[in-house]
Each structure stands twice: as structure tokens, then as C-alpha cells.
Amino acid sequence: MSIQVPEQTTESLLRSEIHREFSSGRTRSAEWRIAQLRGIEALCREREHEIAAALAADLGRSAVEAWLGDVASTAGEAAFARRHLKKWMRTQRVSLPLAQLPGRGWVQYEPLGTVLVIGPWNYPFYLAMAPVVAAVAAGNCVVIKPSELAPATSELIATLVPKYLDSSAIRVVQGGADTTQNLLAQGFDHAFFTGGTEVGRKIMAAAAPTLTPVTLELGGKSPVIVTAGADIEVAARRLAYTKLINAGQTCIAPDYVLADAAIADELADRIVASIVAFQDAPTLRIVNDRQFDRLVASIRETSGKVLHGATYDRASLRIAPTVIIDPSPDDQVMTGEIFGPILPILSVDSEETAVKFVNERPKPLALYVFAGSQKAGAAIVDRVPSGGAVVNHIMMHCLVPQLPFGGVGASGMGDYHGRWGFERLSHRRAVLAKRTFPDPSIIYPPYGKAALKIMRKLF
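Position numbers for residues start from 1 in each chain and track the written sequence from start to end. Whole-chain, interface and lining totals are the exception, using all residues; otherwise, since this is a predicted model, local features are given only for residues with pLDDT of at least 70 and side-chain atom pairs are given and counted only at 80 or more. Excluding hydrogens and water, the side-chain figures rest on all heavy atoms present in the structure.

In the nomenclature of an unreviewed UniProt entry, the protein chain corresponds to Aldehyde dehydrogenase from the organism Mycolicibacterium porcinum. UniProt positions are given in the numbering used here, feature names are shortened, and annotations may be inferred rather than shown by experiment. The UniProt entry for the protein chain carries this comment under Sequence similarities (unreviewed entry): "Belongs to the aldehyde dehydrogenase family."

Rendered as C-alpha cells:
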């Protein structure tokens with residue numbers, strides 16, 4: 001009787017190969033980890049123009065935005081991890097209760113093993129490589145699956161990563177949704193996904209059969225609350241600036257504004273003035289037809305007043321920055337994540353109303369508050385749950401490797417950046433080391449009354 005062996009797929013062969021690499025133990029050393037981090041830094045430094053060209057081809061992104069949004073941010077993460085890695089890797093001693101003395105206890109950080117990184121299209125270099133920084137800092141082998149919706153950047157990553165990083169332990173696989181599903185079916189030690197909430201649900205479901213832990217960096221409608229005491233000029237300028245970045249196709253972009261009625265009109269006018277001052281071209285490019293049609297439909301169907309923009313060209317997939325005043329909460333622009341150059345502004349009669357409005361909806365990835373003081377802004381932050389928050393600015397927390405970055409609820413699970421990413425992709429292993437002497441007999445049965453009395457006091 002012959003036994004038929006199932007034919008191995010490309011994905012299963014890859015999983016086997018990379019698992020063998022991890023089992024060799026060579027990725028555990030600080031030297032290997034630092035070499036990979038230096039490699040990422042060198043890739044960013046030496047190939048900036050090629051990365052920018054790929055981003056321009058995929059998204060129409062300018063060289064300045066490519067440098068700030070993808071290149072500098074990736075290099076900064078790698079450099080920060082490299083400088084602090086040896087400190088992160090140290091074991092952490094813990095005190096022990098009396099009953100466990102004499103002895104020693106500590107926590108040691110160990111690599112999880114093999115990590116699958118699934119990148120998105122909107123920042124296709126940074127959001128593929130920043131999780132790789134965390135994965136290699138923790139000593140893992142990595143499979144990178146870049147987004148097929150950014151083909152030029154995907155091809156660039158596949159070409160450059162083997163030239164700068166350990167090509168046996170860090171691999172790149174290109175493909176679409178089927179490739180992602182096939183990879184997840186192999187059972188990695190961790191899967192890291194950045195993208196939309198609906199796809200995040202599918203990733204989590206696909207990871208469940210193999211009990212693969214997941215980090216999901218998703219999105220949601222990140223609100224901006226502007227109080228009557230805020231610096232309106234600065235708030236408007238920072239709102240316009242961050243909304244224009246990557247045509248609003250950023251997971252932590254300002255999605256809608258809740259402005260105190262006393263300053264709402266002035267704020268809206270100043271936002272429009274800033275858009276006009278900032279925008280070199282009259283329109284911004286959207287990633288593909290499907291996203292373009294969705295955004296145009298939301299503009300056409302809104303019940304709000306269009307204060308600025310609302311022009312578009314399907315042939316070039318470009319939409320002008322659009323400001324909408326007081327749309328209905330049931331409008332498409334207010335029910336789904338916009339992910340485009342559209343900014344609804346709603347006037348509210350109080351901070352209480354603004355807080356209630358946000359808290360009645362799914363928890364956002366980010367909350368932004370403009371107030372007359374940091375204390376006043378922080379007081380609002382304390383009342384509104386979100387993945388992260390910024391007072392008197394927008395999106396800047398993502399560029400601080402000392403801060404954890406991640407969502408909560410529908411906006412994601414798990415966080416990373418800096419030490420937080422190192423710990424996320426490490427196993428915190430508890431170790432207790434005991435002596436063989438003394439070995440008091442009272443802890444062994446049979447238990448007499450005197451022994452139990454002593455044990456109850458000790459334990």
C-alpha cells in the first residue's frame with residue numbers, strides 16, 4: 001500500500017525553509033539583529049531616490065512626502081532600535097515572595113520564531129518595513145508580503161531586501177489576497193497586518209485555525225475636537241497640512257472635525273485658506289478606480305454644504321481637497337472611514353456634545369484635540385478612548401518611537417514602534433531558579449496540622 005504525500009505549495013516550502021533558519025539559532029544573537037537594523041538604515045539611505053520613484057509610480061507621491069512618510073520614518077525606527085537593542089535584550093530581575101526563597105526570578109525576552117508581515121498600499125514601504133524593524137530587533141525570521149496594490153513598491157522591496165538583509169532569514173513574497181491566505185494557512189508564530197478593518201477581520205479569521213497570534217493595525221474615523229479656546233489659525237493650518245498628506249489616504253489622518261459653534265465658521269474658512277496656500281496642484285491622486293468611485297459618491301450624496309473642492313477627474317484618479325460643512329451623521333462621509341481628501345466639519349454646542357458624539361461610535365485609531373492649553377486638551381483625551389491621541393497637533397505621535405502605536409477595539413489590536421515593537425514580537429519568558437537546599441519536609445504530604453498552619457502563613 002502506497003502512502004500519498006500531499007504536494008507542497010510554494011508557501012509551505014517557504015514556511016519550512018524559514019522555520020529551519022530560525023531553528024539554527026543564528027538570528028538570536030545581538031550581532032545578527034544589529035546587522036539587519038543597519039541594513040535597513042543603509043537601504044533607506046542609499047536607495048531613497050528609487051523608493052521615491054516607486055512611490056510616485058504607485059501613488060503620485062512627491063519626493064518630499066516619500067522621504068518624510070516612508071524613508072525617514074523607516075530609517076528612524078531602525079536607528080532607534082539599533083541604539084537601544086542591547087538594553088532591551090537584558091533579562092529583568094523580579095523580587096520573589098517569601099515562600100519562594102531562596103531563589104531567583106527573572107523575565108527574558110526570546111524571539112517568537114517566524115513572523116509574517118502583511119503590508120498595505122498607502123505607505124507601502126514604511127508600513128511593510130517598520131514591522132520588520134520590530135521583528136528582526138526581537139530576533140525573528142520574517143516573511144514580508146507587500147501590497148499588490150502598490151506594485152512598483154512591492155517589486156522594489158522584493159529586489160532590494162535581499163541585497164541589504166539576510167536573504168535566508170528575511171524573505172519577500174509578492175502576490176494578492178490568495179497568497180496572503182495561503183501564507184496564513186501555514187501557521188506562522190505571529191502575523192502582523194496593517195490595513196482596513198474589514199480585511200483585518202478576514203486576516204484574524206484566517207489566522208485562527210493555526211492559532212497564529214495577530215497584531216492588527218487598522219483604521220477608523222479619527223476625530224478632531226476643536227474647542228473655543230484653541231488657537232484657530234494653528235489648528236486650521238495643521239488640519240489642512242495633515243489632511244493633504246498622501247491625499248488623505250492615511251490611517252491616522254483627520255477624518256472629521258467637531259468644532260465649537262463659536263469658532264466653527266472661522267475654522268472652516270481658515271482651513272480652506274490653508275489648503276489653497278499649501279496645494280501646488282488643484283487635485284490629489286487616489287490609488288485606484290474603486291476608491292475613487294467610493295469617494296466621489298460620498299461627495300455627491302452628502303447632505304452637507306460643500307465649502308471648497310468637490311471637483312474630480314476619473315481619467316487621472318484625482319480629487320480636489322473637499323471641505324463639507326455639517327453633513328448628516330448618516331451621510332456616507334460620516335459613517336465609514338473616508339481615506340481620501342474630504343474633510344467634514346460639524347459644529348457642536350459644547351465639549352460635552354463633542355465627547356458624546358465620538359464615544360457613541362467605534363473607538364478610533366487616533367484622537368486629536370485642539371484646546372487653549374495642554375491641560376484642557378488632556379482632560380478631553382482622558383474622556384475619549386482611542387488607540388492614540390495628540391493635543392494641539394495631528395498624526396505626529398506616529399513619528400515618536402518612544403511611544404507605542406496601535407489601535408483599540410475596531411481600530412486594531414496590539415501596538416509597536418520602539419521597545420513596544422520589540423516586546424510585541426518577543427516572548428516574555430518567566431524563569432524561576434530554585435536551590436535544592438533547603439528542602440523542608442512540611443511541603444510534602446501527608447500534611448499534619450502544624451505543617452498546614454505554617455504553609456498557610458507562607459503561601
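A. Just helix α6 (residues 151–164), in detail. Going along the chain from the N terminus, every DSSP run of H or I of four or more residues is numbered as a helix, and every run of E of two or more is numbered as a strand. Here a helix's expected span is defined as the number of its residues, less one, multiplied by 1.5 Å. Over its 14 residues, α6 extends 20 Å from the first C-alpha to the last, a length consistent with the 20 Å expected when each residue adds 1.5 Å. Working definition: with a 1.4 Å probe on protein chains only, accessible area under 20% of the residue-type maximum means buried, over 50% means exposed, and in between means partly exposed. The set of residues buried in α6 consists of T153, S154, L156, I157, L160, V161 and Y164. In this analysis, two residues are considered to be in contact whenever any of their non-hydrogen atoms come within 4.5 Å of each other. Here the buried face of α6 lies against α2 (30–46), α3 (48–59), α5 (126–137), β4 (141–145) and β5 (170–172).

B. Main features of the environment of D166. You can see D166 is positioned in the loop between α6 and β5. Considering only alpha carbons, one finds D166 and R26, 140 residues apart in sequence, at a separation of 11 Å. Any pair of N or O atoms that falls within 3.5 Å is considered a polar contact. Within protein, one atom must be able to donate a hydrogen and the other to accept it, and sequence-neighbouring residues count only if both atoms are side-chain atoms. Polar contacts involving the side chain of D166 include one to the side chain of R26, which spans 2.5 Å.

C. Fine view of the domain arrangement of the protein chain. Domain delimitation follows an automatic or database domain assignment. Parsing the protein chain into structural domains produces domain 1 (8–217 + 410–428) and domain 2 (221–397). The C-alpha centroid of domain 2 is placed 31 Å from the C-alpha centroid of domain 1. Contact residues are listed per partner, giving 14 residues for domain 1 and 15 residues for domain 2. Roughly 1200 Å² of surface becomes buried between domain 1 and domain 2 when both sides are summed, with 51% attributable to carbon and sulfur atoms. By buried area we mean how much accessible surface two parts lose on assembly, using a 1.4 Å probe and totalling the loss over both. For the domain 1 face of the interface with domain 2, the top three residues by lost area are W121, Y123 and S411, together amounting to 38%. Where domain 1 touches domain 2, the interface holds 9 residue pairs in polar contact (both at pLDDT 80 or more). For the side of domain 1 that touches domain 2, the secondary structure elements donating two or more residues are α3 and α4 (63–89). Counting residues per element, the side of domain 1 that touches domain 2 draws most heavily on α3, which supplies 4 residues. Residue composition of the side of domain 1 that touches domain 2, by class: 8 nonpolar, 3 polar and 3 charged. Three classes are used: nonpolar for Ala, Val, Leu, Ile, Met, Phe, Trp, Tyr, Cys and Pro, charged for Asp, Glu, Lys and Arg, and polar for all others, with Gly counted as polar.

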